[in-house]
Amino acid sequence: MNDYWIIGLSSLGALFILLAAVGVLRMPDLYLRISVTTKAATLGIGLVLISAAIYFNEVGITSRVLAIILFMLLTAPVGAHMIGRASYFTGVKLWKHSKLDDLKGKYHPKSHELASDLKTAEKENETK
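None of the values given here were measured: they were computed from a predicted structure. (Residues numbered from 1 in each chain as written. Predicted model: local features only at pLDDT ≥ 70, side-chain atom pairs only at ≥ 80, totals over all residues. Heavy atoms only, no water.)

### Notes on the side chain of Asp29
Looking at the element boundaries, Asp29 is found in the loop between helix H1 (2-26) and helix H2 (30-56). Notably, Asp29 is buried but unbridged: the nearest opposite-charge side chain belongs to Arg33, and the N-O separation is 6.8 Å. Here Trp95 takes part through its backbone nitrogen, which lies 3.1 Å from a polar atom of the side chain of Asp29. Sequence-distant contacts of Asp29, that is, excluding residues within four places in its chain, are made with Lys93, Leu94 and Trp95. (Helix = DSSP H or I, 4+ residues; strand = E, 2+ residues; numbered from the N terminus. Buried < 20%, exposed > 50% of the residue type's maximum accessible area, 1.4 Å probe, protein only. Lys, Arg positive; Asp, Glu negative; His and termini not counted. Salt bridge = Lys/Arg side-chain N within 4 Å of Asp/Glu carboxyl O. Polar contact = N/O pair within 3.5 Å; in protein donor to acceptor, adjacent residues only side chain to side chain. Contact = heavy atoms within 4.5 Å.)

Okay, structure coming up:
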């Protein structure tokens, strides 16, 4: 019975990793590529690791697998956010068919602090 779980989870994980790779090639801009890889690859790697824990069926390996999955769930979104934010500040353009730039005018150009609008950010910067 464990063999079926291992085959199913590892195949599903490999499928999600494949979809993440295809998404990197097919998505039109950096921001969408970051979104695809963060979600699909994290889920795919987690499923492959769970199947490895079932295969080895040892407490030491299972605890390491759970620690790796927890670390990935905590760090992947933060890393993607930081890459996206740095890309936005350096001027990486959105996809040409994007309808709305939600962040336009909400960051102070020098301090990169987020505010409800640029005037509020400028006032806060002047008081510092």
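Structure shown, so let's carry the discussion forward.
### Focus on unusual backbone geometry
Not every positive phi belongs to a glycine, and Asn57 is a case in point at roughly 50°. Note on placement: Asn57 falls in the loop between H2 and helix H3 (59-90). Exposure remark for Asn57: the relative accessible area of 62% places this residue in the exposed category.

### Concerning the packing of aromatic side chains
This structure, assessed with the given rule, holds 2 aromatic pairs. Consider the rings of Tyr55 and Phe56, whose centres lie 5.0 Å apart with planes at 80°: the pair is edge-to-face. Using a relative accessible area of 56% as the deciding quantity, one classes Tyr55 as exposed. Take Phe56: its relative accessible area is 43%, and that puts it in the partly exposed class. (Phe/Tyr/Trp six-rings, centres within 6.5 Å; stacked < 30°, edge-to-face > 60°.)

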